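Observations on the three-dimensional arrangement
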Amino acid sequence: MKYAIISDIHGNFPAMQAVLKDVKEQGISSFIFAGDYCISGPWPDECIDAIRAIPEKHIIRGNEEKYLENLIDKDQSLWKDGQMQVSYWCYRNLSRKNLDYLLALPNRVDLECNGMKIHVAHSSVDFLGTYPFYTWNSVTVANRSRQSDRVPEQILADMSSERDNDPSFQEAVAKLERGIYIFGHSHVQWHYTDKNRGIYLINPGSCGLPLDGIQDSVPYTVTEITDAGEVFTKEQRVPFDKDNYNREVMQTTQYSEANVWSRVILREQATALEHMYFFLDFVEQYAKELGDERRPYALDTWENAFRIWDRKMEATEK
Ligand SMILES: [Fe+2]
């Protein structure tokens, strides 16, 4: 039995289509979806329509589905925040049937295949506690790629071996029972195999917004469980034209109505590196200096902070 494992599509329908085509070409028809389907990219409804049309799938909610749930029945005339604009845009552009579908999804799924238990949750925290999520994520990849000349593949290989040899990681893994543990959330593809104990950790990365520094492709992972219960994991990368995608995004109403968020995301798409975390940190400092305590950030604070941050980014990239 083979599963195509896909996570963090984030409204990027062209990337999702490219991945689905690749999965089909490999003759795989069973899917596992690990959450975060909509916010950030301008095609949320198309992504959910496509997911719903897949007959054989196991699917859970991500943390960003909760953002949409929080907006139900709220007074839209009060929606004047800068920071929330992309969630507002997504909420308005997602059909009610698709929103209801997303909100009915479970937070976790547990299944069994050929004697192997498979557990799916959006974050590794569900299985491993806070390690390795807060030390092995897109922020670390971005910091290391700015601080060294190593190519993304080398940075990821360094981080993998550091993680695998870290006593806290081994301690977290030692608490797990035999099985396959699937999660997304960090937007960095990785997997870990302990054949002796039968422990398999799989993060397929982000299909729609990869933040692992690899710019020309989008990831998903294939896991095969043989009749004898053996597990084989293969990380896939599908070629994807980010420049063309970014040009298409700039024609959408999301780009005009949630411009700041869209432009930060385009920078992430173009570099395949984390920017939102650093931008949010910058806005927080900027708001503090202004003495502005409003959260989510007011539109003015949000947009002015972005203008300054964006100029700084342009200057550092020259
Ligand atoms: Fe995500």
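Residues numbered from 1 in each chain as written. Predicted model: local features only at pLDDT ≥ 70, side-chain atom pairs only at ≥ 80, totals over all residues.

**Digging into the sheet that holds strand β2 (residues 30–33)**
Applicable threshold: Strand pairing requires that DSSP identify at least two bridges connecting the strands. To qualify as a helix, a DSSP run of H or I must reach at least 4 residues; to qualify as a strand, a run of E must reach at least 2; elements of each kind are numbered from the N terminus. Helix axes are fitted to C-alpha atoms over the stretch in contact, other axes to C-alpha atoms as well, and angles between N-to-C directions run from 0 to 180 degrees.
On the basis of which strands lie adjacent, the open sheet formed by 5 strands has the order β3-β2-β1-β9-β10 and mixed pairing. Among the strands making up the open sheet, the edge pair consists of β3 (57–59) and β10 (231–239). Taken pair by pair, the neighbouring strands of this sheet meet at an average axis angle of 20°, ignoring direction. For strand β1 (residues 2–6) and strand β9 (residues 217–225), the ladder comprises 4 bridges, and the chain directions are antiparallel. Within the sheet, the bridge partner assigned to Ile5 lies in β9 and is Thr221.

**Quick notes on the sheet that holds strand β6 (residues 179–182)**
Taken in spatial order, the 5 strands make up an open sheet running β4-β5-β6-β8-β7, and their pairing is mixed. Of all strands in the sheet, those with a lone pairing partner are β4 (108–113) and β7 (189–194), marking the two edges. Strand-to-strand twist of the sheet, defined as the mean angle between neighbouring strand axes without regard to direction, takes the value 15°. As paired strands, strand β5 (residues 116–121) and β6 are joined by 3 bridges and run parallel to one another. Paired with Ile118 across the bridge in β6 is Ile180.

**So, the nonpolar core**
To be explicit about the condition: A set of buried Ala, Val, Leu, Ile, Met, Phe, Trp, Tyr and Cys residues, joined through C-beta atoms within 7 Å, is what we mean by a nonpolar core. Three exposure classes are used, all based on how many other C-beta atoms lie within 10 Å of a residue's own C-beta (placed from the backbone): buried at 20 or more, exposed at 12 or fewer, and partly exposed between those limits. Here, residue contact means that the backbone-derived C-beta atoms of the two residues sit within 7 Å.
Counting residues in hydrophobic clusters, the biggest one holds 72 residues, and the most contacted among them are Ile5, Val19, Cys47 and Ile182. Looking at this core, the element that brings in the most residues is helix α1 (residues 13–25), giving 7 residues. Apart from the residues lying within four places of it in its own chain, the contact partners of Cys47 are Ile9, Gly11, Phe13, Met16, Tyr37 and Cys38.

**Some remarks on the domain arrangement of the chain**
A common measure of how large an interface is: the accessible area buried when the components associate. Heads up, the rule is: These domain boundaries are the output of an automatic or database domain assignment.
By domain assignment, the chain separates into domain 1 (2–239) and domain 2 (275–318). Between the C-alpha centres of domain 1 and domain 2 the distance comes to 28 Å. Facing the 6 residues of domain 1 at the interface are 8 residues of domain 2.

**Structural notes on the packing of α1 against helix α2 (residues 44–52)**
For the record, the criterion: Small angles under 35 degrees read as roughly parallel and large ones over 145 as roughly antiparallel, with 65 to 115 read as roughly perpendicular and the rest as oblique. When residues are sorted by character, Ala, Val, Leu, Ile, Met, Phe, Trp, Tyr, Cys and Pro go into the nonpolar class, Asp, Glu, Lys and Arg into the charged class, and all the rest, Gly among them, into the polar class.
One way to put it is that α1 packs onto α2 with a least axis distance of 9 Å and a crossing angle of 25°. Classified by the interaxial angle, the pair formed by α1 and α2 is roughly parallel. For the pair α1 and α2, the contacting residues are Phe13, Met16 and Leu20 in the first and Glu46, Cys47 and Ala50 in the second. Here the contact of α1 with α2 is composed, by residue class, of 5 nonpolar, no polar and 1 charged.

**What about helix α4 (residues 85–92)?**
In terms of burial, α4 is largely enclosed, as 6 of its 8 residues are buried. Along α4, the positions that sit buried rather than exposed are Gln85, Val86, Ser87, Trp89, Cys90 and Tyr91. In the core, the buried residues of α4 are packed alongside α2, α3 (63–69), α11 (253–257) and α12 (259–271).

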